[in-house]
Amino acid sequence: MDRAARLPRLRSLLHSIDGEMVEERYFNGARASQWANLKSVSKSVLSILVGITLEQGLLKSLSYRVEKFFPHYFSSSDNPAEKRITLEDLLTIRSGLEPTSRRNYGRWVQSSNWVRHVLTRPRIDTPGGRMIYSTGNTHVLSAVLTKATGSSTFEFTRRHLSQPLGIPIRPWLRNPQGIYFGGNERHLMPRAILKIGELSLHGGRVGKTQIVSEG
């Protein structure tokens, strides 16, 4: 713990064994009640929501093409490969489109339509090919969930993840069209982050309640 306390960017350290908290420490002025910005761990939370949506039948398959949800962004494309991008490609960050992360991030989040910006990037690889890290991929998934569920990503998270786990949640950043950020800027408290980790560790189950299938 002494070594941990000397790490300038560390805010919390929680250690749980078999669901029992054995160590909980906060550093650098942080508190248990303080919200933590998950940054790209938000993508893992989104993947759980995708699983719940599939389980409920609101999405039938990850093989659905993205074009099904946003045909207007593909109508001018004469490249058939771009029209083959699937939800699975977005989830695994293998859309083949130019990334919106790192040096392209600022230009993307300052654009007037984040989903359109992602889906109209130049293709630099085949859909389903190599993983090219891009937060835009998971943001498009948030837009897909909004269409498929008929509710915002925040509201869907609140009903199907936050409430069953008994963890607090608050709204986070949205794009100009009101779509909640799918791969960044989600805030949770440290104990809530631990509960989501335990949910994954225990095959999608909390106690006797199956929140998302192990598959």
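The rules behind these values
Residues numbered from 1 in each chain as written. Predicted model: local features only at pLDDT ≥ 70, side-chain atom pairs only at ≥ 80, totals over all residues. Heavy atoms only, no water. Axes fitted to C-alpha atoms, helices over the stretch in contact; angles between N-to-C directions. Helix = DSSP H or I, 4+ residues; strand = E, 2+ residues; numbered from the N terminus. Parallel < 35°, antiparallel > 145°, perpendicular 65-115°, else oblique. Contact = heavy atoms within 4.5 Å. Nonpolar A, V, L, I, M, F, W, Y, C, P; charged D, E, K, R; others polar. 1 Å grid on protein atoms, 1.4 Å probe; cavity = no way out; pocket = protein on both sides within 12 Å on 5 of 7 lines; lining within 4 Å. Points joined across faces, edges and corners; volume = space filled by probe spheres on them. pLDDT = per-residue confidence, 0-100.

Visitor: How would you sum up the packing of helix 2 (residues 42-55) against helix 7 (residues 153-165)? Please name residues and give values.
Guide: Helix 7 packs onto helix 2 with a crossing angle of 75° between their chain directions and a minimal axis gap of 11 Å. Classified by the interaxial angle, the pair formed by helix 2 and helix 7 is roughly perpendicular. Contacts from V45, L46, I48, L49, I52 and T53 of helix 2 reach helix 7 at T153, F156, T157, H160 and L161. By residue class, the composition of the contact of helix 2 with helix 7 is 7 nonpolar, 4 polar and no charged.

Visitor: How would you sum up the layout of surface pockets? Please name residues and give values.
Guide: Unfilled space is identified by rolling a water-sized probe across the atoms. Taken as a whole, the largest pocket encloses approximately 390 Å³ of empty space. Taken together, 15 residues form the lining of the largest pocket, with R11, S12, A36, P190 and I193 sitting closest to its centre. Looking at the second largest pocket, it is lined by 16 residues, and the ones nearest its centre are G51, V212, S213, E214 and G215. Broken down by secondary-structure element, the contributors of at least two residues to the lining of the second largest pocket are helix 2 and helix 8 (190-201). The element contributing the most residues to the lining of the second largest pocket is helix 2, with 6 residues.

Visitor: Break down the confidence of the model for the chain for me, with residues and values.
Guide: Averaged over all residues, the pLDDT of the chain is 94; the fraction at 70 or higher stands at 97%. Across the chain, the secondary-structure element scoring lowest on mean pLDDT is helix 1 (residues 2-5), at 83, and the one scoring highest is helix 6 (residues 135-149), at 98.

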